[in-house]
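The chain contents come next:
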Amino acid sequence: MEIIIQPTQQAATEVAARTIARLLCGKPNAVLGLATGSTPLLLYQTLIAMKLDWSHVTTFNLDEYIGLPRDHAQSYHSFMWNNLFKHVNIGKENVHIPDGNAQDIPGFCREYEEQISAAGGIDLQVLGIGTDGHIGFNEPSSSLASRTRIKTLTRQTCMDNARFFGSEESVPRHVITMGIGTIMEARQNLLLAFGQNKACAIAQAVEGPITSINPASILQMHPVVKVILDELAAGNLTRSDYYRWVYKSKPDWQSV
């Protein structure tokens, strides 16, 4: 697990964008796992500005609300097309987002896993983290071996997402999410976190025990993880000076 601390969200996002750009330049047909929410928004804006070639890229999104129409302002279909896909040259057939209106949700989840496998697996998965440590919508106590499935959101997640819906009561209670086991099969994970409200979850995920109560902590077991933070999100880390020293001391060929 590599911890990269940058002075601002902008600087941290640029590190993440360069990491993805390097992958796409080296492997034009890369498979990306993508996240939604406020955390990756600047990342997508930065990637758009880079004018990369997305014509052979395949994407799989982490999650989607159940029951929201695709054209609903807060659906993750709308989010991804409005904030990334319609601004790059990706083929519509190469975009995969969970179908929250599928007639057979368990069947769809099995199919989604099969599609990821058929695409050759995910080369790089973009992740955010919830204030309670969730990744995707894998809430605390989720199985660390779980696959794509339906989940019920916690009260904390509903409260955190209420700002997007106008009230907590309007937040859908159920979602489809990639499982933790699915996420752990990506060849590289890129976890982004910004702001003081993420500092506790990050400290527990990076320096605490591996536990389903902080689902992101399982990333300690992944062979290639970059945790990219601004100063505020790194505020509770006890070894932050060491992480800065390691990043500053990297050989040129490892620099991003």
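Residues numbered from 1 in each chain as written. Predicted model: local features only at pLDDT ≥ 70, side-chain atom pairs only at ≥ 80, totals over all residues. Heavy atoms only, no water.

A closer look at unusual backbone geometry
Inference 1: You will see that Lys 51, though not glycine, has its phi angle at about 55 degrees, which is positive.
Inference 2: With respect to the secondary-structure elements, Lys 51 resides in the loop between α2 (41-50) and β3 (58-61).
Inference 3: The class for Lys 51 is exposed, based on a relative accessible area of 72%.
Inference 4: For Ser 141, which is not glycine, the phi torsion reads 85 degrees and is therefore positive.
Inference 5: Position of Ser 141 relative to the elements: it lies in the loop between β6 (124-127) and β7 (149-152). (Helix = DSSP H or I, 4+ residues; strand = E, 2+ residues; numbered from the N terminus. Buried < 20%, exposed > 50% of the residue type's maximum accessible area, 1.4 Å probe, protein only.)

Comments concerning the layout of surface pockets
Inference 1: Of the volumes computed, that of the largest pocket is approximately 690 Å³.
Inference 2: Taken together, 37 residues line the largest pocket, and the ones lying closest to its centre are Thr 36, Gly 37, Ser 38, Asn 161 and Phe 164.
Inference 3: Only β4 (63-65), α3 (76-83) and α5 (155-165) provide two or more residues apiece to the lining of the largest pocket.
Inference 4: No other element matches the 6 residues that α5 contributes to the lining of the largest pocket.
Inference 5: For the lining of the largest pocket, a count of residues per class yields 15 nonpolar, 18 polar and 4 charged.
Inference 6: There is about 240 Å³ of room inside the second largest pocket.
Inference 7: Along its surface, the second largest pocket is lined by Arg 70, His 77, Trp 81, Lys 92, Val 95, His 96, Ile 97, Asp 99, Phe 108, Tyr 112 and Gln 115. (1 Å grid on protein atoms, 1.4 Å probe; cavity = no way out; pocket = protein on both sides within 12 Å on 5 of 7 lines; lining within 4 Å. Points joined across faces, edges and corners; volume = space filled by probe spheres on them. Nonpolar A, V, L, I, M, F, W, Y, C, P; charged D, E, K, R; others polar.)

Digging into the sheet that holds strand β5 (residues 95-96)
Within a sheet, neighbouring strands are paired by backbone hydrogen bonds and run either parallel or antiparallel to one another.
Inference 1: Strand order in this open sheet of 7 strands is β1-β10-β9-β6-β2-β3-β5, and the pairing throughout is parallel. Either end of the sheet is taken by a strand with one partner, and the two such strands are β1 (2-6) and β5.
Inference 2: Pairing geometry for strand β9 (residues 189-193) and strand β10 (residues 225-230), over 5 bridges, is parallel. Bridge pairing in β10 links Leu 190 to Lys 226.
Inference 3: Contacting β1, β9 and β10, helix α7 (residues 199-207) crosses the sheet at an angle of about 150 degrees to β10. (Pairing = 2+ DSSP bridges. Contact = heavy atoms within 4.5 Å. Axes fitted to C-alpha atoms, helices over the stretch in contact; angles between N-to-C directions.)

Description of the nonpolar core
Inference 1: Core analysis: the biggest nonpolar cluster contains 78 residues, and Trp 54, Leu 229 and Leu 237 have the highest contact counts within it.
Inference 2: In terms of residues, this core owes the most to one element, helix α1 (residues 9-26), which gives 8 residues.
Inference 3: Residues within four places of Leu 229 in sequence aside, it is in contact with Ile 3, Ile 4, Ile 5, Gln 6, Ala 12, Ala 193, Ile 202, Ala 234 and Leu 237. (Core = buried A, V, L, I, M, F, W, Y, C linked by side-chain atoms within 4.5 Å.)

Description of the sheet that holds β4
Inference 1: Sheet architecture is open: 3 strands sit in the order β4-β8-β7, paired in antiparallel fashion. Two strands bound the open sheet, and with one partner strand each, they are β4 and β7. Each strand axis lies, on average, 30 degrees off the axis of its neighbour in the sheet, ignoring direction.
Inference 2: Taken together, the 3 bridges between β4 and strand β8 (residues 174-177) define a ladder with antiparallel strand orientation. In the sheet register, Tyr 65 faces β8, and the bridge partner there is Val 175.

Focus: the environment of Met 1
Inference 1: Within the fold, Met 1 resides in the segment before β1.
Inference 2: Sequence spacing of Met 1 and Gly 100 is 99 residues, and the spatial spacing of their C-alpha atoms is 33 Å.
Inference 3: Those residues in contact with Met 1, other than ones at most four positions away along the chain, are Val 206, Leu 219, Gln 220, Val 225 and Val 227.

Some points on the side chain of Asp 132
Inference 1: Structurally, the position occupied by Asp 132 is in the loop between β6 and β7.
Inference 2: A distance of 2.7 Å separates the side chain of Asp 132 from the side chain of His 134, its partner in a polar contact.
Inference 3: Setting aside residues up to four positions removed in sequence, Asp 132 forms contacts with Glu 139, Pro 140, Thr 154, Gln 156, Thr 157, Ile 213, Asn 214 and Pro 215. (Polar contact = N/O pair within 3.5 Å; in protein donor to acceptor, adjacent residues only side chain to side chain.)

A few points about α7
Inference 1: Ala 199, Ala 201, Ile 202, Ala 203, Ala 205 and Val 206 are the residues of α7 that are buried.
Inference 2: The elements touched by buried residues of α7 are β1, β9, β10 and α8 (240-248).

Focus: the packing of aromatic side chains
Inference 1: Overall, the coordinates contain 8 aromatic pairs when judged by the stated rule.
Inference 2: Summarising the aromatic geometry, the rings of Tyr 65 and Phe 137 are spaced 5.8 Å apart at their centres and angled 50 degrees between planes, so their arrangement reads as tilted. You can see Tyr 65 sitting in strand β4 and its partner Phe 137 sitting in the loop between β6 and β7, a full 72 residues away along the chain.
Inference 3: Chaining the aromatic ring pairs together yields one cluster made of Tyr 65, Tyr 76, Phe 137 and Phe 165.
Inference 4: Above the ring of Tyr 242, the side-chain terminus of Arg 239 is found at 4.6 Å from the ring centroid. (Phe/Tyr/Trp six-rings, centres within 6.5 Å; stacked < 30°, edge-to-face > 60°. Lys NZ or Arg CZ within 6 Å of the ring centre and 35° of its normal.)

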